[in-house]
Amino acid sequence: MSIDKTSAAQDEHVVANPEAAKAAVTVVDPRLLVREQGLKGYVTEFKRKMKSGDLGSIPVVIGLVIIWLIFTSLNSNFLTAGNLSDMSVAMVGTGMIAVGIVFVLLLGEIDLSVGSVSGVAGASFAVLNVTNGMNEWLAFVLAILTGTVAGVLHGFFFAKIGVPAFAVTLAGLLFWNGLMLQILGDNGTINLDPDGVVAQLTSYYFSDVAAAYSLAAVVTVGFFLSSFLGNRRREAAGVPSRPLSETIVRTVLLAVLAFAVAIVFNQYKGLPLAVVIFIVVLLVTDFVLRRTAYGRKVFALGGSVEASRRAGINVDMVRISVFAISGTFAAVGGLFIASKIAAANQGAGGGDLLMNAIAAAVIGGTSLFGGRGRTWNALLGVLVIVSIQYGLALEGIASPVQYMITGGVLLATVVIDAVTRKTQKTAGRA
């Protein structure tokens, strides 16, 4: 009863005082103040984000620019069209695996099996198609499903049985590697049809110059329409949105980047099919994470398991699905890696593949602590790693140095991530 009286008294005060009513209804969003102040507002907002540890992808972009400048000064061939095109194709296999790793890291977990799972996928396709004569497309689908099944198994033991993800996927690393060796048999290497489906993944180029420019135009127009329509919906809902001028500036910057990349590709063999597929995968997965209810559940689970459970989220199913996604993309990445060498062999999935895939996701900006990251981080991270590898290779520097430099970059990224989290907690933004 006392609550009702208090509420009624508040309502009478608002009616009697129009200024109070206006102040009570109008809630000023800080983003609106920033945009109303123009360039000065954005500079102030940028400084505030830096002080609060909200760095985003800025460190990795700056690092990538520095890496490119260093290797270009050492060797003028580094930024040639041919080398950049080869780098873009080489990064797709590891990048695909890194996309799946991003989903797992968003939960604050890890998947150590992706390297071995990628090897099993390549071996499965080779045995089914080459050895047993199965239809290429059917063998292709079944090879990818091997990764999905592996991921579901890992997720089941993690979510339902309660085994730590580290232990489950470490066991998976050993098991799937053994299965790959068993599948390949004594021969150890199975060559793929150079004109087949898998081989064409990395060897096919759209030689017509219109292909690269068309893709750049589609990406640019798609970005503008998505931003413009999103802002219209926000305005209709009374939610703060970007002004049209900001959307246009962002679109122009993207157009410059997209058409510059198209020009580079057209100076060599044309637009690589592998790059097209990778971009499509990044767009789709980014949409799933940022624009769907499932994506919000993944982020929520990475923030707090208990809060997610109380909110009605099926925690077990989300966990299992995330590991299934990781396994699926590991298999896809394995097929791209098999395509690059046109063979499946006993070394597939080994070496530094696992570490590079995890490093790519983390270096790109995905937090090891869960709850923060985007699939585009996989692109940035793998681009850093491949740039280091190709730059050092041009200088004739041995692999041990590559490992040490990549490890140093990874350590620096993790340190930045840890410091950022502490800064955000201090600023009250964690």
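As a starting point, this report considers the structure included with it. (Residues numbered from 1 in each chain as written. Predicted model: local features only at pLDDT ≥ 70, side-chain atom pairs only at ≥ 80, totals over all residues. Heavy atoms only, no water.)

### Describing the nonpolar core
Nonpolar side chains in soluble globular proteins tend to end up buried together.
Line of reasoning, step 1. With 83 residues, the main nonpolar core has Met96, Val99, Phe125, Phe140 and Leu335 as its most contacted residues.
Line of reasoning, step 2. Among the elements that take part in this core, helix H6 (residues 81-106) stands out by supplying 15 residues, more than any other.
Line of reasoning, step 3. Apart from the residues lying within four places of it in its own chain, the contact partners of Leu335 are Ala121, Gly122, Phe125, Phe140, Ala143, Ile144, Val198 and Leu201.
Line of reasoning, step 4. Counting residues in hydrophobic clusters, the runner-up holds eight residues, among them Ala212, Ala216, Ala262 and Val275. (Core = buried A, V, L, I, M, F, W, Y, C linked by side-chain atoms within 4.5 Å. Buried < 20%, exposed > 50% of the residue type's maximum accessible area, 1.4 Å probe, protein only. Helix = DSSP H or I, 4+ residues; strand = E, 2+ residues; numbered from the N terminus. Contact = heavy atoms within 4.5 Å.)

### Description of the packing of helix H14 (residues 293-303) against helix H16 (residues 315-341)
Line of reasoning, step 1. Orientation of H14 relative to H16, taken along the N-to-C sense of each, is 100°, at an axis distance of 10 Å. It follows from the interaxial angle that H14 and H16 lie roughly perpendicular. Here H14 contributes Tyr294, Lys297, Val298 and Leu301 to the contact with H16, which in turn contributes Val315, Val318, Arg319, Ser321, Val322 and Ile325.
Line of reasoning, step 2. Considered class by class, the residues forming the contact of H14 with H16 number seven nonpolar, one polar and two charged. (Axes fitted to C-alpha atoms, helices over the stretch in contact; angles between N-to-C directions. Parallel < 35°, antiparallel > 145°, perpendicular 65-115°, else oblique. Nonpolar A, V, L, I, M, F, W, Y, C, P; charged D, E, K, R; others polar.)

### What about the packing of aromatic side chains?
Aromatic ring pairs: the centre-centre distance and the angle between the two ring planes describe each pair.
Line of reasoning, step 1. Applying the stated rule across the entire model yields nine aromatic pairs.
Line of reasoning, step 2. For the ring pair Trp137 and Phe140, a centre distance of 5.8 Å and an interplane angle of 70° mean the geometry is edge-to-face. With Trp137 and Phe140 both in helix H8 (residues 136-161) and three residues apart, the pair spans about one turn of that helix.
Line of reasoning, step 3. You can call Trp137 exposed: its relative accessible area is 54%.
Line of reasoning, step 4. Ring centres of Tyr204 and Phe206 lie 5.2 Å apart, and the angle between their planes is 90°; on these two criteria the pair is classed as edge-to-face.
Line of reasoning, step 5. Among the residues examined, Tyr204 registers a relative accessible area of 38% and is labelled partly exposed. (Phe/Tyr/Trp six-rings, centres within 6.5 Å; stacked < 30°, edge-to-face > 60°.)

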